[in-house]
Amino acid sequence: MKRRDVIKGGLIGAAALAVPARALADPLGDAFDSAFVPPAAPTAVPTPALTVPAVPEPNPAYERRVLEIAQREVARAGNTVWRRDIAGIADFARPSSLPRFHFANLENGTVRSFLVAHGRGSDPEHDGWLKQFSNVPGSEATSRGGYLTCEWYKGKYGTSIRLVGLDPDNSLALPRAIVVHPAWYVDPSMVSKWGKIGRSEGCFAMAPGDFNEALWHLSGGRLLYADRITLA
C-alpha cells in the first residue's frame, strides 16, 4: 500500500506510519513524517457531581416534640377525627429541601418523615422557605391549623385526598380545593438539582413515590396539622 493510500484512508495510527525502508528515500514522505504530530487525546469533561440532599441527623428531642403536638392536636380535635392512630404534622419552620411532613404514630411512638411542598403565595421569592400563611381564596398560600383528612378522589393531579379545615385560619380549605396530592416537582431529584422542591397552589403536595404512604396511613378521618414547630 502506498503512503498516499494510507493517508487517504485515514489510517493515522502507529502502524500506518511504519513505512518500508525503501520509502524513506521519498522527500515528500520524509516531510510528512517530520511535520505530522498526532492529535492530543480529547480531555474528558468531568460530570458535575449532584448535590446530595441534606438529611437532618436523628433528633430524638424533635421527634418527641412532633409526637407531643400530634397528641395535643388530636385531643383538641375531639370527636371530629375518628381515627387516632396516626396524625400528620407539617412543620413549615423547615425549608422545603428537608423532610418536614411527619407521620406521627401515636400507638407505637414512631415518626416517619417526607418531603412536602408549600404554596407559591407563602414563598413569593421561591427560596424554599415559607414566609406566610393565608386562608384567602386565590392567594395560593398554605394555611395553618388542623385538617380532617377525608375520602380519595380523582382530580387534576390524579388520586388526591380531600381536606376539611377545622380552624379559622384554614376554614376555607374545602372551597379553596386544598388537598394532599402527588406532584413531580416534589421528587427528591429536585433537591439534588436545585436545593429545594417546587411550590404548590397551597396544597400539601408530596413526591409521587411517597404519596401512597398518605393514602394508606393518613387519609380517612385522621388529623393533619400544619404550623411552624419549635422545640420550646
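Structural data are supplied above this passage.
Residues numbered from 1 in each chain as written. Predicted model: local features only at pLDDT ≥ 70, side-chain atom pairs only at ≥ 80, totals over all residues. Heavy atoms only, no water.

What follows covers the environment of Pro-208. Turning to its location among the elements, Pro-208 is positioned in helix α6 (residues 208–217). Residue Pro-208 is classed as partly exposed on the basis of its relative accessible area, which comes to 44%. Expressed as a C-alpha distance, the spacing of Pro-208 and His-181, which sit 27 residues apart in the sequence, is 8.3 Å. (Helix = DSSP H or I, 4+ residues; strand = E, 2+ residues; numbered from the N terminus. Buried < 20%, exposed > 50% of the residue type's maximum accessible area, 1.4 Å probe, protein only.)

Two aromatic rings are characterised by how far apart their centres lie and by the angle between their planes. Evaluation of the coordinates by the stated rule reveals 7 aromatic pairs. Aromatic side chains Phe-92 and Phe-133 sit 6.3 Å apart centroid to centroid with 70 degrees between the ring planes, which places their arrangement in the edge-to-face category. Highlighted residues: Phe-92 in the loop between β1 (86–91) and β2 (101–105) and Phe-133 in the loop between β3 (110–114) and β4 (145–155), separated in sequence by 41 residues. No difference in accessibility class separates Phe-92 from Phe-133, as the two residues are buried. Geometrically, the ring pair formed by Phe-103 and Phe-114 is tilted, given 5.0 Å between the ring centres and 55 degrees between the ring planes. Linking Phe-103 in strand β2 with Phe-114 in strand β3, this pair joins segments that are 11 residues apart in sequence. It is Arg-94 that lies over the ring of Tyr-62; its NZ or CZ is 4.3 Å from the centre. Note that Arg-162 overlies the ring of Tyr-153, its terminal NZ or CZ placed 4.0 Å from the centroid. (Phe/Tyr/Trp six-rings, centres within 6.5 Å; stacked < 30°, edge-to-face > 60°. Lys NZ or Arg CZ within 6 Å of the ring centre and 35° of its normal.)

Applying the stated criterion across every chain yields a total of 14 salt bridges. The residue Glu-151 makes a salt bridge to Arg-162 at a minimum N-O spacing of 2.9 Å. Of the two residues, Glu-151 sits in strand β4 while Arg-162 sits in strand β5 (residues 158–165), which places them 11 residues apart along the sequence. A salt bridge links Glu-201 to Lys-156, with the shortest nitrogen-to-oxygen separation between them at 3.9 Å. Linking Glu-201 in the loop between α5 (188–194) and β7 (204–206) with Lys-156 in the loop between β4 and β5, this pair joins segments that are 45 residues apart in sequence. (Salt bridge = Lys/Arg side-chain N within 4 Å of Asp/Glu carboxyl O.)

Another aspect to go through is unusual backbone geometry. Positive phi is not limited to glycine here, since His-126 has a value of about 55 degrees. By the secondary structure assignment, His-126 is in the loop between β3 and β4. Classification of His-126 by relative accessible area gives partly exposed; the value is 24%. Unusually for a residue other than glycine, Ala-177 sits at a positive phi of about 60 degrees. Structurally, the position occupied by Ala-177 is in the loop between β5 and β6 (179–182). A relative accessible area of 45% places Ala-177 in the partly exposed class.

Here we come to the pairing of β4. Alignment of β4 against strand β8 (residues 223–227), held across 4 bridges, turns out to be antiparallel. Opposite Gly-145, over in β8, you have Ala-226 as the bridge partner. Across 7 bridges, the pairing between β4 and β5 is antiparallel. Opposite Lys-154, over in β5, you have Thr-159 as the bridge partner. (Pairing = 2+ DSSP bridges.)

Let us now look at the sheet that holds β7. The sheet built from 8 strands is open, its strands ordered β3-β2-β1-β8-β4-β5-β6-β7 with mixed pairing. Every other strand in the sheet has two partners, leaving β3 and β7 as the edge strands with one partner each. The mean inter-strand angle of the sheet, taken between neighbouring strand axes irrespective of direction, is 30 degrees. Two strands pair when backbone bridges link them, and β1 and β8 are joined in this way by 5 bridges, in the parallel orientation. The partner of Asp-91 across the bridge, within β8, is Asp-227. Sheet contacts for helix α4 (residues 60–77): β1, β2, β3, β4 and β8; angle to β8, the most-contacted strand, approximately 120 degrees. Against the sheet, α6 touches β1, β2, β3, β4, β5, β6 and β7, its axis set at about 50 degrees to β5. (Axes fitted to C-alpha atoms, helices over the stretch in contact; angles between N-to-C directions. Contact = heavy atoms within 4.5 Å.)

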